[in-house]
Amino acid sequence: MVVVLIGYMASGKSTLGKKLAKKLNFNFIDLDDFIEREEKLSVSEIFKIKGEIYFRKQETIYLNQILQTKTNTILSVGGGTPCFGNNMERILNTNNVMSVYLKASLNKLVKKLFKKKSKRPLIAHIETEEALTEFIGKHLFERVQFYNQSTIQITTDNKTKKQIIKEITTKLF
Ligand code: S3P
């Protein structure tokens, strides 16, 4: 089985993905790290040098490659992955693939992202917390229609990592 962790930037996909993989004795893949290794450039560099359209094309290629070839794997995708091309359709329609939406509130996302936006090309230029709140509010509104298609949905605010992992495993098996 491949378990795809879905959610907005900073929703905890990678941190929780690693812990979940350890608990289940699964492999862990972070799609952004996978793309960086394959392309030999950081995500920020790909956006800057080759542009977002190129990034989205490669993201789709590597996502499909992983969904088709891996088993017993937790895959954390980027915040935008489910929202481009037919990626969400693929995630939903590939055999033995489950999707989990890690749902965090706007407030929590803004607080986390304001501190670590420099590595994220879509928000790195936003200077104030107010402007970031406005951007993420609109962006989430567009994206939740994709995230909400996930087979499992978990709200994460005010829960410990341990509680979230337990909730995911209970819902998965
Ligand atoms: C993106 C999220 C990033 C990365 C890229 C674009 C997005 O991943 O794929 O910067 O469109 O939301 P994280 O969600 O892991 O930050």
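Before reading further, recall that the structure is shown in the block above.
These figures come from a predicted structure and were not determined experimentally. (Residues numbered from 1 in each chain as written. Predicted model: local features only at pLDDT ≥ 70, side-chain atom pairs only at ≥ 80, totals over all residues. Heavy atoms only, no water.)

Here's the deal with the pattern of salt bridges
- Enumeration according to the criterion identifies six salt bridges in this entry.
- The salt bridge partner of Glu129 is Lys111, with a shortest N-O separation of 2.8 Å. Here Glu129, found in helix H7 (residues 129–147), pairs with Lys111, found in helix H6 (residues 106–115); they are 18 residues apart in sequence, far enough to count as distant.
- Owing to a relative accessible area of 27%, Glu129 belongs among the partly exposed residues under this scheme. (Salt bridge = Lys/Arg side-chain N within 4 Å of Asp/Glu carboxyl O. Helix = DSSP H or I, 4+ residues; strand = E, 2+ residues; numbered from the N terminus. Buried < 20%, exposed > 50% of the residue type's maximum accessible area, 1.4 Å probe, protein only.)

Topic: the sheet that holds strand S2 (residues 27–30)
- Read across the open sheet, the five strands follow the order S2-S3-S1-S4-S5; overall the sheet is parallel. With partners counted over all chains shown, the strands left at the sheet margins are S2 and strand S5 (152–155), one partner each. Ignoring strand direction, the axes of neighbouring strands in this sheet form an average angle of 20°.
- Inspection of the sheet shows strand S1 (residues 2–6) paired to strand S4 (residues 97–103) by five bridges, in the parallel sense. Following the sheet pairing, Val4 is matched in S4 by Ser99.
- Together, S1, S4 and S5 form the strand contacts of helix H8 (residues 161–172), whose direction differs from that of S5 by roughly 160°. (Pairing = 2+ DSSP bridges. Axes fitted to C-alpha atoms, helices over the stretch in contact; angles between N-to-C directions. Contact = heavy atoms within 4.5 Å.)

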